[in-house]
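Descriptive structure summary
Below are the chains, spelled out letter by letter.
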Amino acid sequence: MRRKLAAGNWKMNGTGASLADLSELAQRYPDSAIDILICPPATLLHRAAEVTKTSGVAIGGQDCHAAQSGAHTGDVSAQMLMDAGASSVILGHSERRVDHGETDADVRAKAQTAMEAGLLSIICVGESLEQREAANTLDVVGGQMAGSIPDQSTGENLVVAYEPVWAIGTGKVPTLEQIAEVHDFMRTLLEKRFGESIGQSIRLLYGGSVKPGNAAEIFGVSNVDGALVGGASLKAADFSGIIDALADA
Ligand code: PEP
């Protein structure tokens, strides 16, 4: 049985004032039957971990460097994330692939380092609108998975998030059939590469305009083990609607 995961990505949003929403979430979920994760900006990690430490809400980073330490001005290492109280890290988000030119090889190197440090890596994959319209979705997702996921991956250290780039922050969501097609394909790829037992144990998240109003139907799709949520994770009330839909799915 894969444990369900509701993960929130605050992106470059949030200052100390936002911890009130996190505190509300932590109070609402003192413990939880599903995994709940918030990935705030790096500046809030330590305070966020303090606010959530006796709750069912875990804290994660949004990126880390592939090196353990060194001359990399402005970057954050996996060890630093752990030290600040994070248990997970999002890697290869499409915004990092586009804004920072991150390649599959970069994402794989970061994930290797994150796994060695003891972090759960949430590796993001997903096609652009152009790629979907050219019927290349499965090729793109398959290529990103082959290139970005390290060989030492297991259900303990890896989560894969399918995030169609055209659905992120746009209010557009693929049909349930389209989500099922990609998630079933991803499961098959993981089983082929890692064997049935490990392939079945790796959780698959859907991400892209998940809201309280559409969460339940998305969580009913085969091989959807949870969601990676951007905008709707910023407010405790919205994210709670998604968490509750996942817990009930
Ligand atoms: C994301 O950035 O990972 C995301 C899914 O954003 P949103 O939920 O806002 O579409």
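Just so we're clear, the structure is a prediction, and the values are computed from it rather than from any experiment.

Digging into the environment of valine 210
By secondary structure assignment, the location of valine 210 is in the loop between strand 7 (203-207) and helix 10 (212-219). With a relative accessible area of 2%, valine 210 lands in the buried category. Along the chain, valine 210 and proline 174 lie 36 residues apart, while their C-alpha atoms are 11 Å from each other. Excluding anything up to four places from it in sequence, valine 210 contacts Ala215, Ile218, Ala227, Val229, Ala232 and Ile242.

Describing the site of the ligand
Close to the ligand lie 14 residues; Lys11, Glu163, Gly169, Ser209 and Gly230 are nearest. Measuring from an oxygen atom of the ligand, one finds a backbone N or O atom of glycine 230 at 2.8 Å. Glycine 231 places a main-chain nitrogen or oxygen 2.9 Å from an oxygen atom of the ligand.

As for the pairing of strand 3 (residues 57-61)
Put simply, side chains in a regular strand alternate between the two faces of the sheet. In terms of burial, strand 3 is a largely internal element, 4 of the 5 residues being buried. When strand 2 (residues 35-39) meets strand 3, the two strands line up parallel, connected through 3 bridges. Counted as the bridge partner of isoleucine 36 is valine 57 from strand 3. Taken together, strand 2, helix 2 (residues 45-52) and strand 3 form a β-α-β motif whose crossover is right-handed. Judged from the 2 bridges that link them, strand 3 and strand 4 (residues 88-91) form a sheet pairing that is parallel. Counted as the bridge partner of glycine 61 is valine 89 from strand 4. Regarding the hand of the β-α-β motif, the stretch spanning strand 3, helix 3 (residues 78-84) and strand 4 is right-handed.

Side note on the nonpolar core
Counting residues in each nonpolar core, the largest one holds 62 residues, and the members touching the most others are Leu22, Leu25, Met186 and Phe239. Sequence-distant contacts of leucine 25, that is, excluding residues within four places in its chain, are made with Ile38, Val57, Ala236, Phe239, Ser240 and Ile243. In terms of nonpolar packing, the next biggest core, distinct from the first, is built from 12 residues, Leu5, Ile122, Leu205 and Leu228 among them.

Here's the deal with the environment of alanine 7
With respect to the helices and strands, alanine 7 occurs in strand 1 (residues 5-9). Distance in space between the C-alpha atoms of alanine 7 and aspartate 139 is 26 Å, their sequence separation being 132 residues.

Remarks on the side chain of serine 209
Along the chain, serine 209 turns up in the loop between strand 7 and helix 10. Within polar-contact distance, the side chain of serine 209 engages the backbone nitrogen of threonine 170 at 3.5 Å. Beyond its immediate stretch of four places on either side in the chain, serine 209 contacts Ala167, Gly169, Thr170, Gly171, Lys172, Val173 and Asn214.

As for the pairing of strand 1
The element strand 1 is largely enclosed, with a buried count of 5 among its 5 residues. Because side chains alternate across strand 1, one face comprises the buried residues Leu5, Ala7 and Asn9, and the other comprises Ala6 and Gly8, equally buried. Pairing of strand 1 with strand 2 involves 5 bridges; the strand directions are parallel. Residue pairing in the sheet places alanine 6 in a bridge with isoleucine 36 of strand 2. Once the chain exits strand 1 it traverses helix 1 (residues 19-28) before rejoining the sheet at strand 2, and the crossover so formed is right-handed.

What to know about the packing of helix 7 (residues 137-148) against helix 8 (residues 176-194)
It is the contact of helix 7 with helix 8, at a shortest axis distance of 11 Å, that shows an interaxial angle of 35 degrees. Taken as a pair, helix 7 and helix 8 cross one another with a handedness that is right-handed. On the side of helix 7, the interface is formed by Thr137, Leu138, Val141, Gly142, Met145 and Ala146, while helix 8 contributes Glu181, Val182, Phe185, Met186, Leu189, Leu190 and Arg193. A breakdown of the residues in the contact of helix 7 with helix 8 according to their chemical character gives 9 nonpolar, 2 polar and 2 charged.

Quick notes on the packing of helix 1 against helix 11 (residues 236-248)
For the pair helix 1 and helix 11, interaxial distance at closest approach is 9 Å and the crossing angle is 35 degrees. Handedness of the helix 1/helix 11 crossing: right-handed. Of the residues in helix 11, those in contact with Asp21, Glu24, Leu25 and Arg28 of helix 1 are Ala236, Ala237, Phe239, Ser240 and Ile243. Residue classes in the contact of helix 1 with helix 11 are distributed as 5 nonpolar, 1 polar and 3 charged.

The rules we used
- Residues take numbers from 1 onward in each chain, read along the sequence in its written order.
- In keeping with the model being predicted, local features are shown solely for residues with a pLDDT of at least 70 and side-chain atom pairs are shown and tallied solely at 80 or more, while totals for entire chains, interfaces and linings include all residues.
- Hydrogens and water are ignored here; the side-chain numbers use all heavy atoms of the structure.
- Here a strand is any run of E in DSSP of at least two residues, a helix any run of H or I of at least four, and the numbering for each starts at the N terminus.
- Only protein chains enter the accessibility calculation, which uses a 1.4 Å probe; a residue is then buried when its area is under 20% of its type maximum, exposed when over 50%, and partly exposed in between.
- Residue contacts follow a heavy-atom distance rule, with two residues in contact if any of their heavy atoms lie within 4.5 Å.
- Residues are classed as near a molecule or strand on a simple rule: at least one heavy atom within 4 Å of it.
- In the analysis that follows, any N or O atom pair within 3.5 Å is treated as a polar contact, provided that within protein one partner can donate a hydrogen and the other can accept it, and provided that, for residues neighboring in sequence, both atoms belong to side chains.
- Strand pairing requires that DSSP identify at least two bridges connecting the strands.
- Every crossover in which the path from the first strand over the helix to the second runs clockwise, viewed with the strands pointing away from the viewer, is termed right-handed.
- Buried residues of nine kinds, namely Ala, Val, Leu, Ile, Met, Phe, Trp, Tyr and Cys, make up a nonpolar core once their side-chain atoms join them within 4.5 Å.
- To get an axis, a line is fitted to the C-alpha atoms, and for a helix only the part in contact is used. The angle between two axes follows their N-to-C directions and goes from 0 to 180 degrees.
- Crossing handedness follows the turn of the near helix against the far one: under a right angle anticlockwise gives a left-handed crossing, and clockwise gives a right-handed one.
- Gly counts as polar in this scheme, as do all residues outside two lists: the nonpolar Ala, Val, Leu, Ile, Met, Phe, Trp, Tyr, Cys and Pro, and the charged Asp, Glu, Lys and Arg.

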